[in-house]
Every structure is written in C-alpha cells, then in structure tokens.
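Coordinate analysis (summary)
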Amino acid sequence: LFATAVLAGIGLWAYSPSLPPELLIARYASDESRFIDVGGVNAHVRDQGNRDGIPVVLIHGSMGSLHMWEGWVRELGPKARLITVDLPGHGLTGEWPREEYTIDAYADFVEVLADTLNLDRFVLVGHSMGGAVAWTFAATRPDRVSQLVLVDVAGYLRVVEALLPTRLARMPVIGDIGIYFKLERLVRRSLAEVYADPAMVTSERVTRYAELQRFPGNREATVLRARTQPPLDPTPLKRLTVPTLILWGAKDRWVPLVDARRFQNDIKGAKLVVFDDLGHNPMEEDPAATAAAVAAFL
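Residues numbered from 1 in each chain as written. Predicted model: local features only at pLDDT ≥ 70, side-chain atom pairs only at ≥ 80, totals over all residues. Heavy atoms only, no water.

**Some words on the pairing of strand 6 (residues 145-151)**
Counting buried residues in strand 6 gives seven out of seven residues, a clear majority hidden from the surface. Where strand 5 (residues 122-127) lies against strand 6, six bridges are found, and the strand directions are parallel. Across the sheet, His127 pairs through a bridge with Val151, a residue of strand 6. With helix 5 (residues 129-140) bridging strand 5 and its parallel neighbour strand 6, the resulting β-α-β unit is right-handed. Here strand 6 runs beside strand 7 (residues 244-249); their pairing, made up of four bridges, is parallel. Note that in strand 7 the partner of Leu150 across the bridge is Ile246. (Buried < 20%, exposed > 50% of the residue type's maximum accessible area, 1.4 Å probe, protein only. Helix = DSSP H or I, 4+ residues; strand = E, 2+ residues; numbered from the N terminus. Pairing = 2+ DSSP bridges. Right-handed = clockwise from strand over helix to strand, strands pointing away.)

This is the structure in structure tokens:
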C-alpha cells in the first residue's frame, strides 16, 4: 500500500495535462497571427513583411513552431513577404482531423496553405523535418516552387532516428503514458543539443517549447508521427531542378555536416553555405548572417 501510494504521488506530481487553447493563444499568438482553415485544421499563420515582395513560405521542424523564424522575419521583412505557419500537431494549430502527420501529409498541407493564400509560385524554406517537407513538396510539385532553401535538413535520417524524444515516443506504453509527464527537463536537454551557444537555452524558450507541446492534440500527434513516418527516401533529390540553397551549422549535433555535402551532391546545382560556429538551428542563433545568405540567394 505504501509503495502504491508513493507511485501514485509521483504520478500526480509528474502528470502534465493539456493546457486550455485560449491560454496558450493569449501567450504565444501575436498581432500578426491569423487562424485560418487549411485542409480542415485551424492553422496558426503569420503573413508578414513586404506584401509586394517575393513570397516566402517557411516550414519549421519537428516539435517546433513558427516562432523559430522570427529573426528572419525581422531581417528579410523589408524586401520579402514572409509566411510562417504552425504545422498540424505543432504550436497553436493543434490536431488535424486527417490524423496523418507524415512528411507526405505535411507536403499536402503546404499545397492547401498556398492555395488558400492564393500563392501560385513561391520560395519554400524548410528546417530539419520541415526541410524534408520542403524538398518533398519541391520534388512532387516543382511548378509551384521558384527557389528552395534547406536548413540543417532531414533526408538521410541516421542521427535523427536515434534522438531520445523519437525513441521514447515509439516505445509501447512508455510512449503513450510518457507524453503526459512534465516536459521541461527533456526539452532543456534537447535544446542544449540543438544550440551551439548554451546561452540560447533560456527559461523562456524552454517554457514555450514545453507549453506548446501541451496544446490539445500536439502530444498525441508527436507519438503518431514518430510511429507512422516511414524512412525517408532521398532518391527524389537527384531529380530536383529547383534552384536550391543549403544552409548548415557546422556544430549541428543532430544532423552531421556530412549530410549537407550529400544534399549538395544529390541536388543538381545546389549551393552550400556552412556556418562554423552554429548548431542545428542556425537561423535562431545568428539570424542576421543566415538571413543575409538567403537574401543574396533570392
């Protein structure tokens, strides 16, 4: 009985329920935020910058949000139209009635988003998992993409597959139960690996990542995505004809620099820019330098 009471107490202490959507929207939406129907999901979208400039759609990575692009919005906003979005199962968008969170499903989502915003051709930017969405979209719908920007992108997946959050989510029972435990410690550990500069792992950033995972439906989507996403096939990369820029942090501990070289070799004419002192999220660690490379490419 005592042991049972102790375990129950630990469970109650560790339990982290979903937070009310209105609370999280009040905290993490902005004056530029819009919530629009995209393929049946109430997507959190920001359409910012120069409305007469070249349209640029930016796709974040796994367990991320559109907040990751705020530095680039500031840097590129005067000349380009920057469209950022929380993918289904992420940020303030939440669950998708389609209940698919694979790369191919997200590519479909990007197409519906572009149609909803009346975008014919546009620049497509993707980071990490969002980069896989971007190159998949460009490979299957090349007429829609004028230029492609890939940032520390997934494609060969040796390292990403071994990441702790992915391994935990795939484990039976543990994955189903563990998603409802407090996330701050796991988030802090993950962010410490993401950034080359430890100063980037702020309490504010840790809290935002952890709380957005508690938006209704996001944690369940994370588990479903981890369990249903098949291994990526990089073969379509060799067929890409879209002008492509690859940005990479040399200190990326999640996806090694050797993968950047593979992308450069597989995508005809691709240009690679490496930032020696940055990690997996270079657009956050040095938005000015990374955005300057994008501006020169555009």
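**Comments concerning the confidence of the model for the protein**
In this model, the protein carries a mean pLDDT of 91, and residues with pLDDT of at least 70 account for 87%. Predicted confidence is poor over residues 6-13, with pLDDT under 50, and the contacts of this stretch with residues over four places away or in other chains come to one contact. (pLDDT = per-residue confidence, 0-100. Contact = heavy atoms within 4.5 Å.)

**So, the sheet that holds strand 3 (residues 54-59)**
Neighbouring strands of a sheet are bound in pairs by backbone hydrogen bonds; such pairs are parallel or else antiparallel. A sheet is described by the order of its strands in space; here eight strands give the open sequence 1-2-4-3-5-6-7-8, paired in mixed fashion. The open sheet terminates on both sides in strands that have one partner only, identified here as strand 1 (33-38) and strand 8 (271-275). Shown here is a sheet whose adjacent strand axes are inclined to one another by a mean of 25°, direction ignored. Judged from the six bridges that link them, strand 3 and strand 4 (residues 80-85) form a sheet pairing that is parallel. If you follow Ile54 over to strand 4, its bridge partner there is Ala80. Set on the sheet, helix 13 (residues 287-297) makes contact with strand 6, strand 7 and strand 8; between it and strand 7 the angle comes to about 170°. (Axes fitted to C-alpha atoms, helices over the stretch in contact; angles between N-to-C directions.)

**Description of the pattern of salt bridges**
Overall, the coordinates contain 11 salt bridges when judged by the stated rule. Between Glu70 and Arg46 there is a salt bridge, with the nearest N and O atoms lying 3.1 Å from each other. Taken together, the residues span a long stretch of sequence, with Glu70 in helix 3 (residues 70-76) and Arg46 in strand 2 (residues 41-49) at a distance of 24 residues. The shortest N-O distance in the salt bridge between Arg81 and Asp47 comes to 2.7 Å. (Salt bridge = Lys/Arg side-chain N within 4 Å of Asp/Glu carboxyl O.)

**Some points on helix 9 (residues 203-213)**
Counting buried residues along helix 9, eight of its 11 residues qualify, which places the element largely inside the surrounding structure. Those residues of helix 9 that fall on the buried side of the exposure criterion are Arg205, Val206, Arg208, Tyr209, Ala210, Glu211, Leu212 and Gln213.

**Describing the nonpolar core**
By size, the foremost hydrophobic cluster in this structure holds 84 residues, and its most contacted members are Trp72, Leu124, Trp135, Leu247 and Phe263. Of all the elements, helix 4 (residues 103-116) adds the most residues to this core, at eight residues. With residues near it in sequence (within four places) discarded, Leu247 still touches Trp72, Val149, Leu150, Val151, Asp152, Val273, Phe275, Thr290, Ala293 and Val294. Formed by six residues, the second largest nonpolar core is a distinct cluster that contains Leu19, Tyr28, Leu212 and Phe215. (Core = buried A, V, L, I, M, F, W, Y, C linked by side-chain atoms within 4.5 Å.)

**Digging into the packing of helix 8 (residues 184-194) against helix 9**
Two numbers describe a pair of packed helices, the interaxial angle and the distance between the axes. Following both chains from N to C, one finds helix 8 and helix 9 inclined at 120°, their axes separated by 9 Å at the closest point. In this view, helix 8 runs oblique relative to helix 9, as classed from their interaxial angle. Relative to helix 9, the crossing made by helix 8 is right-handed. Each of Glu184, Val187, Arg188 and Leu191 in helix 8 lies in contact with helix 9, whose residues at this interface are Ser203, Arg205, Val206, Tyr209 and Ala210. Split by residue class, the contact of helix 8 with helix 9 holds five nonpolar, one polar and three charged. (Parallel < 35°, antiparallel > 145°, perpendicular 65-115°, else oblique. Left-handed = near helix turned anticlockwise from the far one by under 90°. Nonpolar A, V, L, I, M, F, W, Y, C, P; charged D, E, K, R; others polar.)

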